[in-house]
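As a plain string of letters, each chain reads:
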Amino acid sequence: MQPSGNLHIGNYLGALKNWVRIQSDYEAIFCIVDMHAVTVYQNPDELRAKIRELAALYLAAGIDPKQSTIMVQSAVPAHAELCWMLTCVTPVGWLQRMTQFKAKAAEQETVGDGLLQYPVLMAADILLYQAAIVPVGEDQTQHLELTRDIAQRFNSLYGETFVMPETSLPSVGARIMGLDDPTKKMSKSAPGSGHAVALLDPPATIRKKIMRATTDSAPGVDFDVLSPGVANLLGIFQAFSGWDDAQMRAHFSGMRYGELKKQVADMVIANLEPLQKRYNEIVSEKGYVDAVLREGAERVTPIANATVELVKRRMGLYTPC
Ligand code: AMP
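Residues numbered from 1 in each chain as written. Predicted model: local features only at pLDDT ≥ 70, side-chain atom pairs only at ≥ 80, totals over all residues. Heavy atoms only, no water.

Novice: Explain the site of the ligand here, please?
Specialist: Inspection of the region around the ligand gives 18 residues, with Gly137, Asp139, Ile176, Met186 and Lys188 positioned closest. Asn11 places a polar side-chain atom, nitrogen or oxygen, 3.1 Å from an oxygen atom of the ligand. In this structure, Ile176 approaches the ligand through a main-chain N or O atom, which is 2.8 Å from a nitrogen atom. Burial of the ligand by the protein amounts to 92% of the accessible area it has alone, namely 480 Å². Broken down by class, the residue content of the shell around the ligand amounts to six nonpolar, eight polar and four charged. (Near = heavy atom within 4 Å. Polar contact = N/O pair within 3.5 Å; in protein donor to acceptor, adjacent residues only side chain to side chain. Areas by Shrake-Rupley, 256 points an atom, 1.4 Å probe, with all protein chains shown as cover. Nonpolar A, V, L, I, M, F, W, Y, C, P; charged D, E, K, R; others polar.)

Here it is, written out as structure tokens:
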């Protein structure tokens, strides 16, 4: 995840909650991608603080640093090295076609080269560790397809080098929409105080945002004709509660929107309150987050360097005898 803006329930349900669930099944590496964040201008002091905040949120959500690795992208120079090598095998047309590039570029007066290279750096983040599975939200599926295309192109040019990574999406919560406009993905950068519920929002703010969420003019929930706003609220509840479809229908059919929103707010608050409590404990322990990040970078550096060495040899770049 990028350490920019405020982490919201879309990030949590689409990615972080899933990471916590699967961490015991895999050897997992969770990266804080600060070099991706600077593809658009970031205030340096804020970025420094956001990196630690994001690491503390990973920990508060339940990532166990003894079991999994939490690290910062720029602390492992191999990410940038591999990115360059992959850039050299990536046709620029592939990058110009990326939906996220087109959307972000449209918001900028001057489009930095980093914004175009963004998915190549992401491919490097993944291929560097020969990752088999990448758990992300739905918005990242196109970048994952590109990662496989880049890996395949490299393998066909230079011989089998990279493992083909698979995309893993959560069954519910893969795409949480904005509360104010449920036709748009909930996003860190979208303006408007009613758009996203941030993980660190106080309970009263969470309730206010959810009670104001856009629905429609029908009297209550009808599962046969769900408008985007109502479907989004139900999706948020289902992803937090873990209820199956039958439970959702039995409980919410015919419910008036005011009561639906109240129950969604209760569910979100009940899940975020313990996370926020843990977050406060973690940040009050001086030096803890930095120690986790330092250890994480130390743990993965040998894996990352071994891949860079292999890629250099494959490409014929200089490696000392
Ligand atoms: P980013 O905001 O780009 O740092 O995304 C971090 C992770 O959160 C990625 O795995 C995204 O796919 C996921 N994500 C971001 N926004 C949403 C959303 N609205 N719904 C579900 N997952 C999301």
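On we go from here.
Novice: What's the story with the domain arrangement of the protein in this structure? I'm lost.
Specialist: Where interface size is given, it is often the accessible area lost as the parts come together that is meant. We note that the domain assignment places domain 1 (9-169 + 286-315) and domain 2 (203-281) within the protein. Using C-alpha coordinates to define each centre, domain 1 is positioned 31 Å away from domain 2. Counting residues at the interface gives nine residues for domain 1 and eight residues for domain 2. Roughly 840 Å² is buried in total at the junction of domain 1 and domain 2, and carbon and sulfur atoms are behind 77% of that figure. Looking only at domain 1, the three residues that lose the most surface to domain 2 are Ile9, Leu13 and Ala60, adding up to 54% of its buried area. For the pair domain 1 and domain 2, the number of links is zero salt bridges. When residues of the side of domain 1 that touches domain 2 are traced back to their parent elements, those giving at least two are α1 (9-22) and α3 (44-61). For the side of domain 1 that touches domain 2, the leading source of residues is α3, giving five residues. Residue composition of the side of domain 1 that touches domain 2, grouped by class: seven nonpolar, no polar and two charged. (Domains from an automatic or database assignment. Contact = heavy atoms within 4.5 Å. Buried area = accessible area lost by both parts, 1.4 Å probe. Salt bridge = Lys/Arg side-chain N within 4 Å of Asp/Glu carboxyl O. Helix = DSSP H or I, 4+ residues; strand = E, 2+ residues; numbered from the N terminus.)

Novice: Help me out: how do you make sense of the nonpolar core in this one?
Specialist: Soluble globular proteins tend to bury their nonpolar side chains together. Formed by 60 residues in total, the largest nonpolar core has its most connected members in Leu16, Tyr58, Leu260 and Val268. Ranked by residue count, the leading element in this core is helix α12 (residues 257-284), at eleven residues. Each of domain 1 (9-169 + 286-315) and domain 2 (203-281) contributes no fewer than three residues to this core. Met85, Leu121, Ile150 and Phe154 belong to the second largest nonpolar core, which has 33 residues in total. (Core = buried A, V, L, I, M, F, W, Y, C linked by side-chain atoms within 4.5 Å. Buried < 20%, exposed > 50% of the residue type's maximum accessible area, 1.4 Å probe, protein only.)

Novice: I keep staring at the environment of Pro135 and nothing clicks. Help me out?
Specialist: Counting through the fold element by element, Pro135 comes out in strand β3 (residues 133-135). Separated by 120 residues in the primary sequence, Pro135 and Ala15 place their C-alpha atoms 6.4 Å from one another. Once you skip the residues sitting within four places of it in the chain, Pro135 turns out to touch Asn18, Trp19, Ile22 and Ser168.

Novice: Got a minute to help me understand the environment of Met211 in this structure?
Specialist: In this fold, Met211 is placed in helix α9 (residues 203-211). As for Met211 and Tyr257, which are separated by 46 residues in sequence, their C-alpha atoms are 9.1 Å apart.

Novice: Explanation requested: unusual backbone geometry in the structure shown.
Specialist: Excluding glycine, residues mostly have negative phi values, and the peptide bonds linking residues are mostly trans. Despite not being glycine, Gln130 has its phi angle at roughly 50 degrees, a positive value. Positionally, Gln130 belongs in the loop between α7 (113-127) and β3. You can call Gln130 partly exposed: its relative accessible area is 25%.

Novice: Got a minute to help me understand the packing of α9 against α12 in this structure?
Specialist: Between two packed helices, the angle of one axis relative to the other and the distance separating the axes together describe the packing. Where α9 meets α12, the closest approach of the two axes is 9 Å, and the angle between their N-to-C directions is 150 degrees. Viewed along their axes, α9 and α12 adopt a mutual orientation that is roughly antiparallel. As for the relative orientation of α9 and α12, their crossing is right-handed in sense. Two secondary-structure elements touch here, α9 through Pro203, Ile206, Arg207, Ile210 and Met211 and α12 through Gly258, Lys261, Lys262, Val264, Ala265, Asp266, Val268, Ile269, Leu272, Glu273 and Gln276. (Axes fitted to C-alpha atoms, helices over the stretch in contact; angles between N-to-C directions. Parallel < 35°, antiparallel > 145°, perpendicular 65-115°, else oblique. Left-handed = near helix turned anticlockwise from the far one by under 90°.)

Novice: I'm lost on the packing of aromatic side chains in this one. Help?
Specialist: Any pair of aromatic rings gets described here by the distance separating the centres and the angle formed by the planes. Inspection of the entire model under this criterion finds eight aromatic pairs. Taken together, the ring pairs in this structure connect Trp19, Phe30 and Tyr58 into an aromatic cluster. (Phe/Tyr/Trp six-rings, centres within 6.5 Å; stacked < 30°, edge-to-face > 60°.)

Novice: What should I look at first to understand the pairing of strand β2 (residues 69-72) in this one?
Specialist: Two faces make up the sheet, and in a regular strand the side chains alternate between them. The side-chain alternation of β2 yields two buried faces, one formed by Thr69 and Met71 and the other by Ile70 and Val72. Pairing between strand β1 (residues 29-32) and β2: four bridges, direction parallel. Bridged to Cys31 within β2 is Met71. (Pairing = 2+ DSSP bridges.)

Novice: Just checking my understanding: could you explain helix α6 (residues 99-107) for this structure?
Specialist: Within an α-helix, residues lying three or four positions from one another point in the same direction, as the helix has 3.6 residues per turn. Of the residues making up α6, those classed as buried are Gln100, Phe101 and Ala105. One face of α6 carries all of its buried residues, which in axial projection span an arc of 125 degrees. Counted as exposed and oriented over 90 degrees from the buried face of α6: Thr99, Ala106 and Glu107. On its buried side, α6 packs onto α5 (92-96), α7 and α8 (141-158). (Arc of directions from axis to C-beta.)

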